[in-house]
Every structure is written in structure tokens, then in C-alpha cells.
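Coordinate inspection notes
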Amino acid sequence: MFDIGVNLTSTQFSKDRKHVVKRAKEAGLTGFLITGTSALESQQAQSLAQEQRGFCWSTAGVHPHYASEWSAETESTLRRLMDRPEVVAIGECGLDFNRNISAPEQQEYAFNAQLALAAEINAPVFLHCREAHARFMAILQPWLNVLPGAVVHCFTGTRDELEECLAAGLSIGITGWVCDERRGTALRDMLPLIPVDQLLLETDAPYLLPRDMRPRPTTRRNEPCFLSHIVQQVAHWRGEDPHTLAQKTDENARRLFRLSASGVENSDLA
Ligand SMILES: [Zn+2]
């Protein structure tokens, strides 16, 4: 059971980060990926992953919200981070036209630059797309045959958009969004359309606490230890066995991000 999206650098975790990792292990997670969202947070993510070697890995990238910060220096920071063995993907990167915190032109520029970098260094990409599907696919498409892999994390799009992503060979990251009875039901109905080989699971912690957990957690903060709830619910809605789904999505994450097999320790002495 592998969580591909944990924002462990968030200040919401600053007081008890080590306990969050410990609870994740106790909950049966086999590992998780720490999301990098800016040059600074990508560096923080790398050092957190390094502290949890063999259990945590990280991404290096600039989220569309921070696209206006993109510079040659950002690119060299990401390039340097990607030399580290625990940094396994470029991202999160993409487009978010929901809030346009960075201007759309800046978002497109930073997205394209990160795809070019990933292609050059042969790294998989961790993608974010919100209310920008057409431009997102137009920019991504030319890179697909030179990228080793790509996941659209926290997919919340329409059925047509899902089908287009799947046809393009993209993996789909599903979060606890799907557990939301107000806005997740359409996505819930689409879950069986995703071939199991293209499915990945994530909490996107500390965001998106699943709304249907009983008893309800005492805080609104999501944690990687709640991934088991998402596994249970997604398996139920797909008509699958949760253990098989946990195993399969773990294998998918390890294949996409080229991680060592579960339970096998990386060691310099080996
Ligand atoms: Zn995102």
C-alpha cells in the first residue's frame, strides 16, 4: 500500500512529522512519495526523503500556483535534486486554471520547461491538472513518447477527460476526493473504467481528508495513515479485493517511479 502524494513539507506537519511517518508505517503503508511543489519545498522534500531512506522518496518540481517563480536557477535546482537517488520524478507540475494564482502563460511556460527537463534526464513526471484539460493535453502530448512515465495526480476530471488520459497511456492518481458525497460521486462511477495497471492511490495529505471516515478523525488534517481507508473504498467501488488492489497499486508506483521492491532495503553495503 503505497501513497504517491504526501505534502510532508506542509507546515501542518511541522510539529509531528516523525510521528506522521511512524503512523503511516503502523497503518501498513509500504512507502510514500513526498511532493515537491517549489524549488524550496523540493529541497525540503528531498531531505525528508533522505531521512526515511527505503520508505520515502520525493519529487522535484514547481506547482502551477508557483509557476511565476520559474527561472534558470529553479531549473538548475531541480536538475541537481534529480541526481539524488531518493528524488524519483519531476513534479508536481502542470496547469491549474481554477485559481490562476500564476498567470496561465507562466503556468504553460513552467510546465513545458519541466517536461523538457524530465525528457532530457529520462525521469517520470508527477502531473497536476485542474480545469485545464485541453491545454494540458496539448502541451503534454508531444513529450509522451520520450517520457518514461507520467501520472495525473488527484484526477478530478470528466469521463471524456479520463478516457483521453488513459488512451494517452497516463496513470491516474485517485485521492480521497472520491469519498466526498458532495463532489466525488461522478468520479466514483468512473473508477471501474481505469485499468488496474494505470491506477495509483494517494492521500494528498494534509489536504482532502476523506469525508466518509467513521469515526471521523478529530482533526481535519489528512495523513498518509488514512490511505487504507481510500484503498478500502476504491476497491469496494471497483468491485475488487482491497488486499489485491493495495498490492497492485504498490507495484504500479514502484514500476512508474522505478523504486526497489517492497520490503527490500537499499543498502550501500549490498
Ligand atoms: Zn496537485
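Quick caveat, the model's predicted, so the values are computed rather than measured.

Observations regarding the overall build of the protein chain
When you go through the protein chain residue by residue, the secondary structure sums to nine helices and eight strands. Here the protein chain has a C-alpha radius of gyration of 17 Å; the compact-globule value for 270 residues is 18 Å, and the two agree. Looking at the protein chain as a whole, 56% of its 270 residues qualify as buried. Here the analysis covers contacts within the protein chain between residues at least 6 apart in sequence; of these, 73% occur between residues at least 24 apart. For the protein chain, the accessible surface area stands at approximately 12,000 Å², while carbon and sulfur atoms represent 49% of it.

Quick look at the sheet that holds strand S1 (residues 2-6)
Sheet strands line up and pair through hydrogen bonds in the backbone, either parallel or antiparallel. Taken in spatial order, the eight strands of this open sheet run S1-S2-S3-S4-S5-S6-S7-S8, and their pairing is parallel. The sheet terminates laterally at S1 and strand S8 (199-201), the two strands that pair on one side only. For this sheet the average axis-to-axis angle between neighbouring strands, irrespective of direction, equals 30°. Direction of pairing for S1 relative to strand S2 (residues 31-34): parallel, over a ladder of three bridges. Note that in S2 the partner of Phe2 across the bridge is Gly31. Packed onto the sheet, helix H2 (residues 39-51) meets S2, strand S3 (56-60) and strand S4 (87-96) and runs at close to 165° relative to S3. Along the sheet face, helix H5 (residues 133-140) touches S4, strand S5 (125-130) and strand S6 (150-152) and points at about 150° away from the line of S5.

Some details on the pairing of S5
Among the six residues of S5, six are classified as buried, and the element is accordingly described as predominantly covered. Along S5, one buried face is formed by Val125, Leu127 and Cys129 and the opposite face, lined by Phe126, His128 and Arg130, is buried too. With six bridges connecting them, S4 and S5 associate as parallel partners. Note that in S5 the partner of Asp96 across the bridge is Arg130. The parallel pair S4 and S5, bridged by helix H4 (residues 104-121), forms a crossover whose chirality is right-handed. Relative to S6, S5 runs parallel, the two sharing three bridges.

Focus: the coordination of the zinc ion
Ligation of the zinc ion by protein atoms is provided by Glu92 (OE), His128 (ND1) and His153 (NE2), these donors lying 2.0 to 2.2 Å from the ion. In primary sequence terms, the donor set of the zinc ion follows E-x35-H-x24-H. Highlighted residues: Glu92 in strand S4 and His153 in the loop between S6 and helix H6 (159-167), separated in sequence by 61 residues. With a relative accessible area of 2%, His153 lands in the buried category.

A closer look at the packing of H4 against H5
Where H4 contacts H5, the axes come no closer than 10 Å and their chain directions differ by 35°. Our pair here, H4 against H5, has a crossing hand that is right-handed. On H5, the residues touching Glu108, Phe111, Asn112 and Leu115 of H4 are Arg135, Phe136, Ile139 and Leu140. Here the residues of the contact of H4 with H5 are counted per class, giving five nonpolar, one polar and two charged.

A short note on H6
All buried positions along H6 are accounted for by Leu162, Cys165 and Leu166. Considered in projection along H6, the buried side chains sweep an arc of 95° and stay on one side of the axis. Seen from the open side of H6, the exposed residues pointing more than 90 degrees away from its buried face are Asp160 and Ala167. Those residues of H6 hidden inside the fold are in contact with H5, S6, strand S7 (171-174) and helix H7 (185-190). Phi turns positive, to about 85°, at Gly169, one or two residues after H6.

Comments concerning the confidence of the model for the protein chain
For the protein chain, the mean per-residue pLDDT works out to 95, and 96% of the residues sit at or above 70. Low pLDDT (under 50) marks residues 263-270, which in the prediction has three contacts with non-local residues, meaning those over four places away or in another chain.

Remarks on helix H3 (residues 72-81)
Each α-helix winds once per 3.6 residues, and so residues spaced three or four apart point in a common direction. Taken together, the buried positions of H3 are Thr74, Thr77, Leu78 and Leu81. Along the axis of H3, the buried positions cluster into a sector of 95°, meaning they face one direction only. Pointing more than 90 degrees away from the buried face of H3 are the exposed residues Ala72, Glu73 and Arg80. Where H3 is buried, its residues meet H2, S3, S4 and H4.

Parameters and conventions
- Residues numbered from 1 in each chain as written.
- Predicted model: local features only at pLDDT ≥ 70, side-chain atom pairs only at ≥ 80, totals over all residues.
- Heavy atoms only, no water.
- Helix = DSSP H or I, 4+ residues; strand = E, 2+ residues; numbered from the N terminus.
- Rg over C-alpha atoms; globule rule 2.2 N^0.38 Å.
- Buried < 20%, exposed > 50% of the residue type's maximum accessible area, 1.4 Å probe, protein only.
- Contact = heavy atoms within 4.5 Å.
- Areas by Shrake-Rupley, 256 points an atom, 1.4 Å probe, with all protein chains shown as cover.
- Pairing = 2+ DSSP bridges.
- Axes fitted to C-alpha atoms, helices over the stretch in contact; angles between N-to-C directions.
- Right-handed = clockwise from strand over helix to strand, strands pointing away.
- Donors = N, O, S within 2.8 Å, 3.2 Å for Na, K, Ca; no water.
- Left-handed = near helix turned anticlockwise from the far one by under 90°.
- Nonpolar A, V, L, I, M, F, W, Y, C, P; charged D, E, K, R; others polar.
- Arc of directions from axis to C-beta.
- pLDDT = per-residue confidence, 0-100.

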